[in-house]
Amino acid sequence: MKKYSFLFLFSMLFIGIAGAQIDRSKIPTPGPAPTIEITKPHSFKLKNGLKVMVVENHKLPRVSVQLLIDNPMHGENNKNGVAHILSSMMGNGTENISKEAYNEEIDYLGARLNFGNEYASASSLSKYFPRILHLMADGLKNPLFSEDEFNSQKSRLIENLKTSEKSVSQVGNRVSTALTFGKDHPKGEFTTIESVEDLTLEDVKSYYEDYFSPSNAYLVIIGDVNFKDVKKLVNKELKNWKKRGVPEVVYNDPKDVQYSQLNFVDMPNAVQSEIAVLNLVDLKMSDDDYFAAILANHILGGGFNGMINLNLREDKGWTYGAYSSIHAGKNINHFSAATSVRNAVTDSAVVEIMKEIKNIRTETVSNERLEQSKASYTGDFVRALESPSTMARYALNVETQNLDADFYSNYLKKLNAVTVEDIKRVANKYFKADNLRIVVTGKGSEVLEGLKNLKNLEGKPLPIKYFDKYANEVEEPTYELELDESITVESVFDNYINAIGGKETLEKVKNITSVSSMEMQGMALQVKTTTTSDSEYSNEISMGGMAVQKEVFNGTEGYQSAQGQRMDYDETQVEAMKATAHPFPELLVKDAKLVGAETVDGKPAYVIQIGDNIKWFYDQETGLKILDQRKFEGQGQEIYINSYYKDYKEFENILLPYTILTEISGQEMEAKVEEYIINGDIKEGQFD
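All values derive from a computational prediction rather than experimental measurement.

Parameters and conventions
- Residue positions are given per chain, counting from 1 as you read along its sequence in written order.
- Totals for whole chains, interfaces and linings use every residue, but because this is a predicted model, local features are given only for residues with pLDDT of at least 70 and side-chain atom pairs only at 80 or more, for both listing and counting.
- Heavy atoms from the whole structure form the basis of all side-chain values; hydrogens and water molecules are not counted.
- The salt bridge criterion pairs a side-chain nitrogen of Lys or Arg with a carboxyl oxygen of Asp or Glu, the two atoms within 4 Å.
- Only DSSP runs of H or I with at least four residues qualify as helices, and only runs of E with at least two residues qualify as strands; both kinds are numbered from the N terminus onward.
- Residue burial is assigned from relative accessible area. The probe radius is 1.4 Å, only protein chains are included, and a residue is buried under 20% of its type maximum, exposed over 50%, and partly exposed in between.
- Think of it this way: a Phe, Tyr or Trp ring, Trp meaning its six-membered ring, pairs with another when their centres are within 6.5 Å, and the plane angle makes it stacked under 30 degrees, edge-to-face over 60, tilted otherwise.
- By the criterion adopted, a ring carries a charge over it if an Arg CZ or a Lys NZ lies within 6 Å of its centre and within 35 degrees of its normal.
- For two strands to count as paired, DSSP must find a minimum of two bridges between them.
- Here, residues are in contact when the closest pair of their heavy atoms is within 4.5 Å.
- Here an angle of 0 to 180 degrees is reported between the N-to-C directions of two axes, which are lines fitted to C-alpha atoms, with helices fitted over the stretch in contact.
- For our purposes a nonpolar core is just a set of buried Ala, Val, Leu, Ile, Met, Phe, Trp, Tyr and Cys residues, chained together by side-chain atoms within 4.5 Å.
- Working note: the arc is built from the helix axis to C-beta atom directions.

Description of the pattern of salt bridges
Moving on, step 1. For the structure shown, the criterion picks out 32 salt bridges.
Moving on, step 2. For Lys 99, the salt bridge identified is with Glu 149, shortest N-O distance 3.1 Å. Here Lys 99, found in helix α2 (residues 99-108), pairs with Glu 149, found in helix α4 (residues 147-164); they are 50 residues apart in sequence, far enough to count as distant.
Moving on, step 3. Note on Glu 149: relative accessible area 10%, which makes it buried.
Moving on, step 4. One salt bridge connects Lys 162 with Glu 159, and the closest N-O pair in it is separated by 3.7 Å.

Some details on the packing of aromatic side chains
Moving on, step 1. Throughout the structure, instances matching the rule amount to 22 aromatic pairs.
Moving on, step 2. Ring geometry for Tyr 208 against Phe 212: centres 5.3 Å apart, planes inclined by 25°, an arrangement best described as stacked.
Moving on, step 3. The class for Tyr 208 is buried, based on a relative accessible area of 4%.
Moving on, step 4. Centre to centre, the rings of Phe 381 and Tyr 411 are 4.4 Å apart; their planes meet at 5°, and the pair counts as stacked. Of this pair, Phe 381 sits in helix α12 (residues 367-384) while Tyr 411 sits in helix α14 (residues 411-416), and the two are 30 residues apart along the sequence. Comparing Phe 381 with Tyr 411 shows no difference in burial state: the two are buried.
Moving on, step 5. Here the aromatic cluster, defined as three or more aromatic residues joined through ring pairs, consists of Tyr 290, Phe 291, Phe 381, Tyr 394, Phe 407, Tyr 408 and Tyr 411.
Moving on, step 6. Above the face of the Phe 190 ring, Arg 174 is positioned so that its terminal group lies 5.5 Å from the ring centre.
Moving on, step 7. The cationic tip of Lys 316 hangs over the ring face of Trp 318; the distance from NZ or CZ to the ring centre is 5.7 Å.

Some thoughts on the sheet that holds strand β12 (residues 464-467)
Moving on, step 1. Pairing is mixed in the open sheet, where seven strands are placed in the order β9-β10-β8-β11-β7-β12-β13. The outermost strands of the open sheet, each flanked by one partner alone, are β9 (322-326) and β13 (473-474).
Moving on, step 2. The sheet contacts of helix α11 (residues 346-362) involve β8 (272-281), β10 (333-342) and β11 (437-442), and relative to β8 the element is tilted by about 30°.

Here's the deal with the nonpolar core
Moving on, step 1. The biggest cluster of nonpolar side chains holds 70 residues, and the ones touching the most others in it are Ile 360, Tyr 408, Ile 423, Phe 431 and Leu 451.
Moving on, step 2. Of all the elements, helix α9 (residues 290-302) adds the most residues to this core, at nine residues.

Describing the pairing of strand β3 (residues 62-69)
Moving on, step 1. In this structure, β3 lies alongside strand β5 (residues 119-125), joined through seven bridges in antiparallel fashion. Looking at the pairing, Gln 66 lines up with Ser 121 of β5.
Moving on, step 2. Relative to strand β6 (residues 217-223), β3 runs antiparallel, the two being bridged by seven bridges. Directly across from Ile 69, in β6, lies its bridge partner Ala 217.

Focus on the environment of Glu 490
Moving on, step 1. For Glu 490, the location among the structural elements is in helix α17 (residues 489-500).
Moving on, step 2. Separated by 103 residues in sequence, Glu 490 and Lys 593 place their C-alpha atoms 9.6 Å apart.

Notes on helix α16 (residues 444-451)
Side chains three or four residues apart in an α-helix point the same way, a direct result of the helix having 3.6 residues per turn.
Moving on, step 1. Among all positions of α16, only Gly 444, Val 447, Leu 448 and Leu 451 are buried. Each buried residue of α16 sits inside an arc of 110° when the element is viewed along its axis, so together they form one side.
Moving on, step 2. Looking at the buried residues of α16, the elements they touch are β7 (261-266), β8, α11, β11 and β12.

Printed below as a string of structure tokens:
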């Protein structure tokens, strides 16, 4: 059976710097907020409604362009997925230039040009700016909507959705937003495989006609340009962008839950729980509360030193990160505190998050903590001013968020005016202790009993409601699968061996090699894995013919290597490999226990424990192995690798999986087996 193992190398470098003698018992007195000079753009408007803002900056010979189509809030009109496909099709050629020629010219000019369903952006050297603006304008006005490109993007989206169905983090995020805003609200709707399958090219064209209009559009140009030249150029390229009326739809405002409650989503494959604590927020950037609210959130969980992260990560060691966010804008938004934790501490993590929310509401934060938060925001703000994209975003915000013209000039002044009393006041206003929706997505068989004992901030039992992966309310899940007393480790292994070919056939296999292809972060990888009946194992991952990672076990010792670094197996790894490094380890494994039955992909499966850190899952109906789960330790955290075996096909009288889907810390990688070789030649030194 094919296996994948991945090398995790963690290193930290701590540098101590000796400085002058400083009295650290005293908090430094903050100085006055620095004066920020924000260059105000020159503006003009085309007859079709397009609003153009230009900021001249001649420090570098570059130009940055951003387009925002500020349409009224709208959904996809029961055509979920159409905006994604439109975004993917935009910029892939125009009615005047083929896809290949379009992309080739952009690359040749060393420029960047991106499109979305309601935005576009570009950057280039200033001498190429006229041509890049022409290409952008052509893409906006005359997108190439071909049937072939539509079918390609549609298939790609469906494949991505299939992969995401097992992602605990993606399912958790989908259900959280759907429950918070409602599935019929634009901010709560989501795309499904079924909704995408029903889409047509005409749906994409219709969406473009409805929402790609200059009447609500803003164009910001920043860089080494001359305002008069830009005005002439924009008029030439975009004055004939057709103005259209944009549909306006009225939506009912979503409502918070009437009382704090826990909403649970069962994901049997989860090795970590996704936790999100949410409530709705009506906060605009123009509100007097804005600066106090963003500082209160920063103190609670907006950064590494936030109360939630210091508690769950630094003190408890339960997670890699726990953060909160608060969103402001023209329409209803939300506050959220979220993290991922291992199953064993799921209920405790919920308790601690709620405790920190209670603390910031009831206790006055220290002046020191407030000043640290202000300093962090000040530093981020000043550094961001160096980026043209930041200046463009500020200009757009002033126009679209109904801000005063001097909003950003006075940003630090207003930030520094916030007091500790303001923090407590806005915390009580925007972090709603009585209306918290706590969404937990995880493995119910391991976490639900603990969650049932939770209490709200007033010490009363916290009600629980149950939902499926699509935010539909369901009955409480049950986990007691029947396990016939006649079922043993031996019978499970025998059923598997018989299902894939029989003991006599398998014992003739002295070695088996698989050659697979997979993609990770856009990179095409090749994987070659060999196991032998002498408990030898080798796994090599390569890219473009060059090895990037290798793992070897010779029956008694082994190692992993990547990027010139080698890590020898420890005692635990050696024992695990001795038990599993075999073409069909079920023929010889001894340290195995039948520990129960669980549901995997909706199918009841027997669970076999191998040692302390490995579990194998076998389909009760077919007998096939469908999941290999392995546990590792890293930085004090438990890391799980789930390998799902799918698409079994017969090869030389043996059923073998041709698809292996691997999950690691919420990330998924799918490997497709291109070739199996049974009893092939073993290279000399292959296991050294």
